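Spelled out, the chains give:
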Amino acid sequence: MRKIPAELCVKCKGYKYLCGLPSCPILDRFRNIAVTVSKIKSSNKIQGATPPSIVVGERNYPKVSLVYNVPPSVIGEEAKDYENPENWWGKKSLSDILSLRTSMISSLLSGINVNNPEVLYEKEVSITAVAEKPVLSEVYSENKEIIPKLKFDGILLPRGPSLKAKDIKIDENPKVPKPIEKLITDDVKAQQAILELYNNKQSVYTIINALSLGLLGKRKNRKIVPTRWAITAVDTTLGNFMLNEIKGLDTISETLVYYNSYLGNYFHIILFPSKYRSVWIEIWHPLSLWANELVVSDLSEDYWGEYDFLDGGYMAARMSVIEKLYEMRRQAGIIIIREITSEYYAPVGNWHIRETVKRAFNNSPVKFDKLEDAIKYVNSRLRAKINLFEIKSIKSLITQRTIDEFLKK
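Please read these numbers as outputs of a predicted model, since none were measured by experiment.

Rules of the game
Residues numbered from 1 in each chain as written. Predicted model: local features only at pLDDT ≥ 70, side-chain atom pairs only at ≥ 80, totals over all residues. Heavy atoms only, no water. Phe/Tyr/Trp six-rings, centres within 6.5 Å; stacked < 30°, edge-to-face > 60°. Helix = DSSP H or I, 4+ residues; strand = E, 2+ residues; numbered from the N terminus. Buried < 20%, exposed > 50% of the residue type's maximum accessible area, 1.4 Å probe, protein only. Pairing = 2+ DSSP bridges. Axes fitted to C-alpha atoms, helices over the stretch in contact; angles between N-to-C directions. Contact = heavy atoms within 4.5 Å. Salt bridge = Lys/Arg side-chain N within 4 Å of Asp/Glu carboxyl O. Polar contact = N/O pair within 3.5 Å; in protein donor to acceptor, adjacent residues only side chain to side chain. Core = buried A, V, L, I, M, F, W, Y, C linked by side-chain atoms within 4.5 Å.

Trainee: How do you make sense of the packing of aromatic side chains when you look at a structure like this?
Mentor: What describes a pair of aromatic rings is the distance from one ring centre to the other and the angle between the planes of the rings. Inspection of every chain in the model, using the stated rule, returns 8 aromatic pairs. Their ring planes at 65 degrees and their centres at 5.5 Å tell us that Trp88 and Trp351 sit as a pair that is edge-to-face. Taken as a pair, Trp88 in helix H2 (residues 85–88) and Trp351 in helix H11 (residues 351–360) lie far apart in primary sequence, 263 residues in all. We note that Trp88, like Trp351, is buried. A centroid spacing of 5.6 Å and a plane angle of 85 degrees characterise the contact between Tyr303 and Trp304, whose relative ring orientation is edge-to-face. Here Trp304 falls in the exposed class, since its relative accessible area comes to 68%.

This is the structure in structure tokens:
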């Protein structure tokens, strides 16, 4: 294996082999970009099917940019795999996902007024975002210059090379699910529309796209919403709705520990007998994303829904846990512990948090009589050498629980 320059590799210090991997995922991404660019180097027009894949940025709000992702020359059902988080989970490696994302051209439409979603609707651009199948499209660029940068984000999916677009043409009629088609023409509040789509078994990712592209809400109030905001808004809306329902239910009778992992992220979820309260702990290993040394962060949410600060990753995990409690028809105290190792060498968005936590409940839990014993059990399984009982939110949880028990006597 060739030695890799340090500036190209986020996992290695200096000139080293890359942790024994058969190939370098960093260099593989640049190869993918080169192949993608070579497909369109002779034309100002890109044709392909969007999976669908559309992102609304927040910079310069209320005049924002729209990113329309298309894999060049890829049409039909094959295009669906380029953005399909629910089906990626457990099947695609981190390298696979990055390969798919860097194989799409991100076409940027700038200066879109968020108060005028009708413009995108009339061109059917926004409709493609909620289509059941990939939609054949043509992107006309202002010039042939393609920016071969990789864009990464902790909440959004990564995107590959980009160019400035002057127009996007939809070449086939997008097929829209009936529940969404109905709500596009209805005049109901956005929160009501989100809940109605969820109850009609629509994918949370489709709901996010519908909200982001200004297809939901009271007709006169509709706006284009930056995708990052739409993700957290949908997770929060659905989570709070179900949380309000379960707060009147009995608590679970025993402490349960669930576990799951994916893409170098390891999750332990503890449910314990209590009125609703929640703790979110992240443990970042050295040389993992954004951490050159072991970093531990925590966040607490109380019974009334007040939390220390807004965190998109927490809201995604919280949504999946509350969804499980809603199905169980029980309420509980919650501790979610996310351990991020150096295996997670590039961020791919917070979808994997939502999906990994959700699927943790398909696994059999380990049962305990006492919360303290469950925490000790999880502590013994962590890859990092830390003491969970020394973390502020855990200390507070244990102390408060002890006071509650004392007052009951």
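Trainee: Hey, could you run me through the sheet that holds strand E4 (residues 105–113) in this one?
Mentor: Hydrogen bonds between backbone groups are what pair the strands of a sheet, and the pairing can be parallel or antiparallel. Across the sheet, which stays open at both edges, the 6 strands sit in the order E1-E5-E6-E4-E3-E2 with mixed pairing between neighbours. A single partner strand is all that each edge strand has here, and the edge strands are strand E1 (45–50) and strand E2 (54–56). In this sheet, adjacent strand axes meet at a mean angle of 40 degrees when their direction is disregarded. In this sheet, E4 lies alongside strand E3 (residues 63–70) in antiparallel orientation, the contact comprising 7 bridges. Bridge assignment links Leu66 to a residue of E4, and that residue is Leu109.

Trainee: Explain the side chain of Thr255 to me, please; I cannot follow it from the model alone.
Mentor: Relative to the helices and strands, Thr255 resides in strand E7 (residues 255–262). For Thr255, a relative accessible area of 0% gives the class buried. Apart from residues lying up to four places away in sequence, Thr255 is in contact with Ile270, Leu271, Phe272, Pro273, Val366, Lys367, Phe368, Asp369, Lys370, Leu371 and Ala374.

Trainee: How should the sheet that holds strand E11 (residues 333–340) be read in this particular structure?
Mentor: In spatial order, the strands read E10-E9-E11-E8-E7-E12; together these 6 strands make up an open sheet with mixed pairing. Two strands close off the open sheet at either side, each with one partner strand: strand E10 (295–301) and strand E12 (366–368). The average angle at which neighbouring strand axes cross in this sheet is 15 degrees, direction not considered. Pairing analysis gives 7 bridges linking E7 to strand E8 (residues 265–272), with the strands arranged antiparallel. Following the sheet pairing, Leu256 is matched in E8 by Leu271. On top of the sheet, H11 reaches E7, E8, strand E9 (277–284) and E11; it is set at about 135 degrees to E7, its chief contact.

Trainee: Before we go on, may I ask you to explain unusual backbone geometry in this structure?
Mentor: A negative phi angle is the norm for most residues apart from glycine, just as the trans form is the norm for most peptide bonds. With an omega dihedral of 15 degrees, the bond running from Pro51 to Pro52 counts as a cis peptide bond. Pro62 follows Tyr61 through a cis peptide bond whose omega is 15 degrees. Examined against the element boundaries, Pro62 turns out to sit in the loop between E2 and E3. We note that Asn60 has phi near 65 degrees; this positive angle belongs to a residue other than glycine. Along the polypeptide, Asn60 turns up in the loop between E2 and E3. The class for Asn60 is exposed, based on a relative accessible area of 59%. One non-glycine residue, Leu263, adopts positive backbone phi at about 55 degrees. Note on placement: Leu263 falls in the loop between E7 and E8. On the basis of relative accessible area, Leu263 is assigned to the buried category, the value being 11%.

Trainee: What exactly am I supposed to notice about the environment of Ala384 here?
Mentor: Among the secondary structure elements, Ala384 is positioned in the loop between helix H12 (371–381) and helix H13 (392–408). Judged by its relative accessible area of 7%, Ala384 falls in the buried class. Along the backbone, Ala384 and Val296 are 88 residues apart, and their C-alpha atoms lie at a distance of 10.0 Å. Apart from residues no more than four positions distant in its own chain, Ala384 is found in contact with Ile283, His285, Leu294 and Glu339.

Trainee: Would you explain the pattern of salt bridges in this entry?
Mentor: In a structure, side chains of opposite charge can pair up when their charged atoms sit close to one another. One pass over the structure, following the stated rule, counts 15 salt bridges. The salt bridge partner of Glu132 is Lys175, with a shortest N-O separation of 3.8 Å. Here Glu132 is found in the loop between helix H5 (125–128) and strand E5 (135–141), whereas its partner Lys175 is found in the loop between strand E6 (162–170) and helix H6 (178–185), with 43 residues between them in sequence. Accessibility expressed as a relative area gives 51% for Lys175, which makes it exposed.

Trainee: Would you explain the pairing of E5 in this entry?
Mentor: A regular strand places its side chains on the two faces of the sheet in alternate fashion. Most of E5 sits out of view: 5 of its 7 residues are buried. Relative to E6, E5 runs antiparallel, the two being bridged by 5 bridges. The residue bridging Ser137 from the neighbouring strand is Ile170, located in E6.

Trainee: Honestly, the side chain of Ser320 in this entry has me stumped. Any pointers?
Mentor: The residue Ser320 is located in helix H10 (residues 312–328) in this model. By relative accessible area, which is 3% here, Ser320 ends up buried. Among the polar contacts listed, one links the side chain of Ser320 to the backbone oxygen of Arg354, at a separation of 2.8 Å. Discounting chain neighbours no more than four positions away, the residues touching Ser320 are Arg354, Val357, Lys358 and Phe361.

Trainee: Help me understand H11 in this model?
Mentor: Counting buried positions over the 10 residues of H11 gives 8, a clear majority of the element. For H11, every residue scored as buried is listed here: Trp351, His352, Ile353, Arg354, Glu355, Thr356, Val357 and Ala360.

Trainee: Looking at this structure, how should I read the nonpolar core?
Mentor: As a rule of thumb, soluble globular proteins bury nonpolar side chains together. Of all hydrophobic cores here, the largest spans 102 residues; its most connected members are Leu66, Tyr68, Leu238, Ile269, Leu271 and Trp351. Leave out the neighbours within four places in its chain, and Trp351 touches Pro85, Trp88, Ile97, Leu157, Tyr205, Tyr262 and Leu263. Residues Val378, Ala384, Ile386 and Leu397 belong to the second largest nonpolar core, which totals 21 residues.

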